[in-house]
Amino acid sequence: MKIATWNVNSIRTRQDIVKEWLAKNLVDVLCLQETKVIDADFPRSPFEELGYHLYISGQKAYNGVAIFSLNPMEDVSTGFAPIVGDLEAEEFESQKRVITGIMEGIRIVNLYVPNGGGLDSDKYHYKLGWLSILRKYLEVFRKKEQLEICICGDFNIALEDIDIYNPKGKENHIMSSPPEREALNKVLEIGFFDVFRKFTSEGGYYTWWDYRGGGFQRNRGWRIDTHYLTSNLYEKVVNSTIDKATRGLPKPSDHAPVILEL
DNA sequence: ATGGCGAATGCAATTCGA
């Protein structure tokens with residue numbers, strides 16, 4: 001089984017690229033972020049024609065997540081509220097960044113972590129608060145279900161310096177500041193492991209390259225899109241790769257898809 | 001340090017992303 005994650009930076013703009021990629025790769029599950037479209041306007045048919053079931057949670061202009069699955073998913077929900085309660089989730093429900101469902105006994109959680117703006121901005125604190133609720137959300141699943149969990153998506157955090165092309169001075173940079181790393185590490189302490197690092201320990205592998213300044217051509221990138229797995233699932237994974245070639249296509253997303261194989 | 005590029009909105013210029 002293959003589970004992929006891809007921040008597409010607008011599903012309407014990237015519709016053809018995603019369809020062609022899926023037709024070639026036919027992954028069992030594709031988790032998308034930054035779909036940037038309300039559910040009523042989501043381009044469903046190209047993907048349904050390939051045999052996928054679509055589970056979507058979008059909004060106007062920003063954010064938006066979706067899961068495409070070859071087999072139907074069970075117990076699909078969107079946002080934090082159905083899991084942690086309305087009161088805890090209240091502040092975070094207007095931005096569509098979370099969708100989950102069960103696929104072949106695996107709880108799959110697709111996330112678009114807030115960008116965070118500048119250090120110490122309102123958006124930065126929103127990001128840290130969001131990660132705190134995410135921890136509670138995942139703890140509920142761990143307690144009430146006996147399922148292995150795959151969380152994947154755009155985390156907007158590079159956990160280690162080797163995940164950044166030039167880590168020098170990046171402790172004061174969004175996506176690599178110590179409080180962000182600490183907040184994500186607290187989530188992972190529940191029992192999640194970075195599956196890409198099971199296979200690749202060296203640096204130089206990235207999933208996002210800035211559109212500006214020839215970031216991709218110079219391989220000035222960041223590894224911020226990942227799968228984190230509970231231990232039994234982690235042990236079963238046989239491969240984890242980044243499809244860097246998609247970033248070199250005409251009119252690409254600034255992120256490349258990441259694929260794991262069970 | 002700054003700005004650069006791209007998308008959405010909505011029709012020019014601004015907001016947002018990372």
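Definitions and cut-offs
- Residues numbered from 1 in each chain as written.
- Chains lettered and ligands numbered in written order.
- Predicted model: local features only at pLDDT ≥ 70, side-chain atom pairs only at ≥ 80, totals over all residues.
- Heavy atoms only, no water.
- 1 Å grid on protein atoms, 1.4 Å probe; cavity = no way out; pocket = protein on both sides within 12 Å on 5 of 7 lines; lining within 4 Å.
- Points joined across faces, edges and corners; volume = space filled by probe spheres on them.
- Nonpolar A, V, L, I, M, F, W, Y, C, P; charged D, E, K, R; others polar.
- Axes fitted to C-alpha atoms, helices over the stretch in contact; angles between N-to-C directions.
- Helix = DSSP H or I, 4+ residues; strand = E, 2+ residues; numbered from the N terminus.
- Parallel < 35°, antiparallel > 145°, perpendicular 65-115°, else oblique.
- Contact = heavy atoms within 4.5 Å.
- Salt bridge = Lys/Arg side-chain N within 4 Å of Asp/Glu carboxyl O.
- Buried < 20%, exposed > 50% of the residue type's maximum accessible area, 1.4 Å probe, protein only.
- Near = heavy atom within 4 Å.
- Polar contact = N/O pair within 3.5 Å; in protein donor to acceptor, adjacent residues only side chain to side chain.
- Core = buried A, V, L, I, M, F, W, Y, C linked by side-chain atoms within 4.5 Å.
- Pairing = 2+ DSSP bridges.
- Disulfide = S-S within 2.5 Å.

1. Regarding empty space enclosed by the protein
Part 1 of the argument: Counting across every chain of the model gives one cavity of 30 Å³ or more.
Part 2 of the argument: Considering only enclosed or pocket space, the largest cavity measures out at about 30 Å³ in volume.
Part 3 of the argument: Taken together, Gly 79, Phe 80, Phe 92, Glu 93, Gln 95, Arg 97, Val 98 and Trp 130 form the lining of the largest cavity.
Part 4 of the argument: Tallied by class, residues from the lining of the largest cavity come to four nonpolar, two polar and two charged.

2. With respect to the packing of helix 5 (residues 122-144) against helix 6 (residues 178-188)
If you want to describe how two helices pack, look at the angle between their axes and the distance between the axes.
Part 1 of the argument: Between helix 5 and helix 6, whose axes approach to 9 Å, the crossing angle comes to 10 degrees. If you check the angle between helix 5 and helix 6, you find them roughly parallel. Together, Tyr 124, Lys 127, Leu 128, Leu 131, Leu 134, Arg 135 and Leu 138 of helix 5 and Pro 179, Glu 180, Ala 183, Leu 184, Lys 186 and Val 187 of helix 6 make up the contact between the two elements.
Part 2 of the argument: Looking at the contact of helix 5 with helix 6 residue by residue, the classes come out as nine nonpolar, no polar and four charged.

3. A few points about the pattern of salt bridges
Part 1 of the argument: Applying the stated criterion to the full structure yields 14 salt bridges.
Part 2 of the argument: Here Arg 107 ties to Glu 145 by a salt bridge, and the two come within 2.5 Å at their closest N and O atoms. You can see Arg 107 sitting in strand 7 (residues 106-112) and its partner Glu 145 sitting in the loop between helix 5 and strand 8 (148-154), a full 38 residues away along the chain. A single burial state applies to Arg 107 and to Glu 145, both of which are buried.
Part 3 of the argument: Notably, a salt bridge pairs Glu 160 with Arg 197, separated by 3.8 Å at the nearest N-O pair. Of this pair, Glu 160 sits in the loop between strand 8 and helix 6 while Arg 197 sits in helix 7 (residues 196-199), placing them 37 residues apart in sequence.
Part 4 of the argument: Through salt bridges with shared partners, a single ionic network connects Glu 160, Asp 163, Asp 194, Arg 197 and Arg 223.

4. A short note on the protein's contact with DNA strand B
Part 1 of the argument: For DNA strand B, the set of nearby residues contains 24 residues, the closest of which are Ser 10, Glu 34, Asn 115, Asn 156 and Arg 212.
Part 2 of the argument: Arg 212 is positioned with one of its side-chain polar atoms (N or O) 2.6 Å from a base oxygen of DNA strand B.

5. Re the nonpolar core
Part 1 of the argument: Core analysis: the biggest nonpolar cluster contains 30 residues, and Phe 80, Trp 130, Leu 134, Tyr 137, Leu 138 and Ile 151 have the highest contact counts within it.
Part 2 of the argument: The set of elements that each furnish at least two residues to this core consists of helix 3 (81-84), strand 7, helix 5, strand 8 and helix 6.
Part 3 of the argument: Take this core: its biggest share by element is eight residues, from helix 5.
Part 4 of the argument: Contact partners of Phe 80, with chain neighbours within four places excluded, come to Gly 85, Ala 89, Phe 92, Glu 93, Val 98, Trp 130, Ile 133, Leu 134 and Tyr 137.

6. Things to note about the sheet that holds strand 1 (residues 2-7)
Part 1 of the argument: Ordered in space as 3-4-2-1-14-13, the six strands form an open sheet in which the pairing is mixed. Across the chains shown, the open sheet's two edge strands, defined by having one partner strand only, are strand 3 (53-57) and strand 13 (239-242). Averaged over all adjacent pairs, the angle separating strand axes in this sheet is 10 degrees, with direction ignored.
Part 2 of the argument: Sitting on the sheet, helix 1 (residues 15-25) touches strand 1, strand 2 (29-33), strand 4 (65-69) and strand 14 (258-261), and the angle it makes with strand 1 is about 165 degrees.

7. Things to note about the state of the cysteines
Part 1 of the argument: One pass over the full model with this rule turns up zero disulfides.
Part 2 of the argument: The thiol of Cys 31 is unpaired, and the distance to the nearest cysteine sulfur, on Cys 152, comes to 3.5 Å.
Part 3 of the argument: Since its relative accessible area comes to 0%, Cys 31 is described here as buried.
Part 4 of the argument: Unpaired in this structure, Cys 150 has its nearest cysteine sulfur neighbour in Cys 152, at a distance of 4.4 Å.
Part 5 of the argument: Residue class for Cys 150 comes out buried when judged on its relative accessible area of 0%.

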